[in-house]
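# Descriptive analysis of the structure
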Amino acid sequence: MNLKEAYSYAVLFLERNNIDEADFKALCIVCSIAGIKNSQYSFHKEDFVPYKKLADMLWKIKSGEPLQYVIGKWDFYDSEFFVGEGVLIPRPETEELVQRVISAVGEKEYVIYDLCAGSGCIGISIAKACPNSKVYLFEKSEKAFSYLEKNCEGVKNAVPLLWDINDIPTAENADIIVSNPPYIESGELSGLQPEVQREPVMALDGGEDGLDFYRIINAVYPEKLNHGGRLFLEIGEKQGESIKAVLNNFSNITLFKDIYGNDRIISCSLKE
């Protein structure tokens, strides 16, 4: 079976099983098997594709496993990150959080914390773009931490740490803290899309009102920020005003919208 035949078969299989975005998912699957980027498909249509591997991946998709887990890696910002069961899948809107931090850091020699790091897509992307800075990536889940360590390989200024953010870190103080913490309300988890429900609850559940982790950050981390330090947070689209009220140890709070026009990022500085 060549790549073109594999793609046609995959589209048909996914459509008959009522899988959404069948064309896109089929393209991602066959190109991942071939070891090429989606954009290279038209140049490799005659490449051989093993049927068994294709069939195994398609059946995983049919069973509800997220596409990113089936492929085992996913593009984010300027890099590719290993992902799988137990780690949150990188989202495109989070790239805007990364870009805002990179713009704030530039060529400075900063110390940066990435809290609730998961796959490390945020902290590692920042570390690669800001080689003069040092990035500590904190993650509590051992499953997620295995992916974090793997993704950090070769990034000398990225330091993965297995750590519960409830505990004050022993690492040197930070100039910038960034986080995409769990922020979905506990009562809303059961209503999420089936594929999202396959992602770790630990990375999604923000407590009864979705704000538990913002309270932790506000309570624990002001003493770990250097003078003039800044905080960058991803938030739920309806949480902006609530989180502003939670962050009473910070000032100059600014709310930014994402590419879809939803409130998504908060930037603030340590209150004097």
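Since the structure is predicted, the reported quantities are computational estimates derived from the model, not experimental observations.

## Overview of the state of the cysteines
Here is the idea: a disulfide is a covalent bond, and it sits between the sulfur atoms of two cysteines. Enumeration over the complete set of coordinates arrives at 0 disulfides. Cys152 forms no disulfide, and the closest cysteine sulfur to it belongs to Cys121, at a distance of 11 Å.

## Details of the environment of Ser133
Note on placement: Ser133 falls in the loop between α6 (121-129) and β4 (134-139). In this structure Ser133 comes out as buried when scored by relative accessible area, which is 2%. Distance in space between the C-alpha atoms of Ser133 and Lys108 is 6.7 Å, their sequence separation being 25 residues. Excluding its chain neighbours within four sequence positions, the residues that come into contact with Ser133 are Val105, Lys108, Glu109, Tyr110, Ile112 and Asn157.

## Quick word on helix α2 (residues 22-34)
With 13 residues, α2 extends 18 Å from end C-alpha to end C-alpha; this agrees with the ideal 18 Å at 1.5 Å per step. Where α2 is concerned, the buried positions are Ala22, Lys25, Ala26, Leu27, Cys28, Ile29, Val30, Cys31 and Ile33. Gly35 occupies a position one or two residues after α2 and carries a positive phi of about 75°.

## Thoughts on unusual backbone geometry
Even without being a glycine, Tyr77 presents a positive backbone phi close to 55°. If you trace the backbone, Tyr77 turns up in the loop between β1 (73-76) and β2 (79-82). Note on Tyr77: relative accessible area 24%, which makes it partly exposed. In the Ramachandran plot, Cys116 falls in the positive-phi region, its phi being about 60° despite a non-glycine side chain. Along the chain, the position of Cys116 falls in the loop between β3 (111-115) and α6.

## Some remarks on the pairing of strand β9 (residues 263-270)
Counting buried residues in β9 gives 8 out of 8 residues, a clear majority hidden from the surface. Summarising the sheet, strand β7 (residues 225-234) and β9 pair through 5 bridges and their orientation is antiparallel. Note that in β9 the partner of Glu234 across the bridge is Ile265. As defined by bridge partners, strand β8 (residues 250-257) adjoins β9 across 6 bridges and the pair is classed as antiparallel.

## Comments concerning the side chain of Asp175
In this fold, Asp175 is placed in strand β6 (residues 174-179). Summary of buried charges: Asp175 has no salt-bridge partner, and the nearest side chain of opposite charge, Lys108, is 10 Å away.

## Focus on helix α8 (residues 212-220)
Phe213, Tyr214, Ile216, Ile217, Asn218 and Val220 are the residues of α8 that are buried. Buried positions along α8 lie against β3, β6, β7, α9 (240-246) and β8.

## Here we look at the packing of aromatic side chains
One pass over the structure, following the stated rule, counts 8 aromatic pairs. Ring plane angle 55° and centroid distance 5.4 Å describe the contact between Tyr7 and Tyr41, whose orientation is recorded as tilted. With a gap of 34 residues between them, Tyr7 in helix α1 (residues 3-16) and Tyr41 in the loop between α2 and α3 (51-62) connect regions that are remote in the sequence. Residue Tyr41 is classed as buried on the basis of its relative accessible area of 13%. Relative to Phe81, the ring of Phe76 lies with its centre 6.2 Å away and its plane at 75°, an arrangement referred to as edge-to-face. For the pair Phe76 and Phe81, a shared accessibility class is recorded, and that class is buried. Among the aromatic side chains, those forming a connected cluster through ring pairs are Tyr9, Phe13, Tyr51 and Trp59. A cation over an aromatic ring shows up here: Arg100 above the ring of Phe256, its NZ or CZ 3.6 Å from the ring centre. The positively charged end of Lys150 is found above the aromatic ring belonging to Phe82, 4.2 Å away from the centroid.

Parameters and conventions
- Residues numbered from 1 in each chain as written.
- Predicted model: local features only at pLDDT ≥ 70, side-chain atom pairs only at ≥ 80, totals over all residues.
- Heavy atoms only, no water.
- Disulfide = S-S within 2.5 Å.
- Helix = DSSP H or I, 4+ residues; strand = E, 2+ residues; numbered from the N terminus.
- Buried < 20%, exposed > 50% of the residue type's maximum accessible area, 1.4 Å probe, protein only.
- Contact = heavy atoms within 4.5 Å.
- Expected span 1.5 Å × (residues − 1).
- Pairing = 2+ DSSP bridges.
- Lys, Arg positive; Asp, Glu negative; His and termini not counted.
- Salt bridge = Lys/Arg side-chain N within 4 Å of Asp/Glu carboxyl O.
- Phe/Tyr/Trp six-rings, centres within 6.5 Å; stacked < 30°, edge-to-face > 60°.
- Lys NZ or Arg CZ within 6 Å of the ring centre and 35° of its normal.

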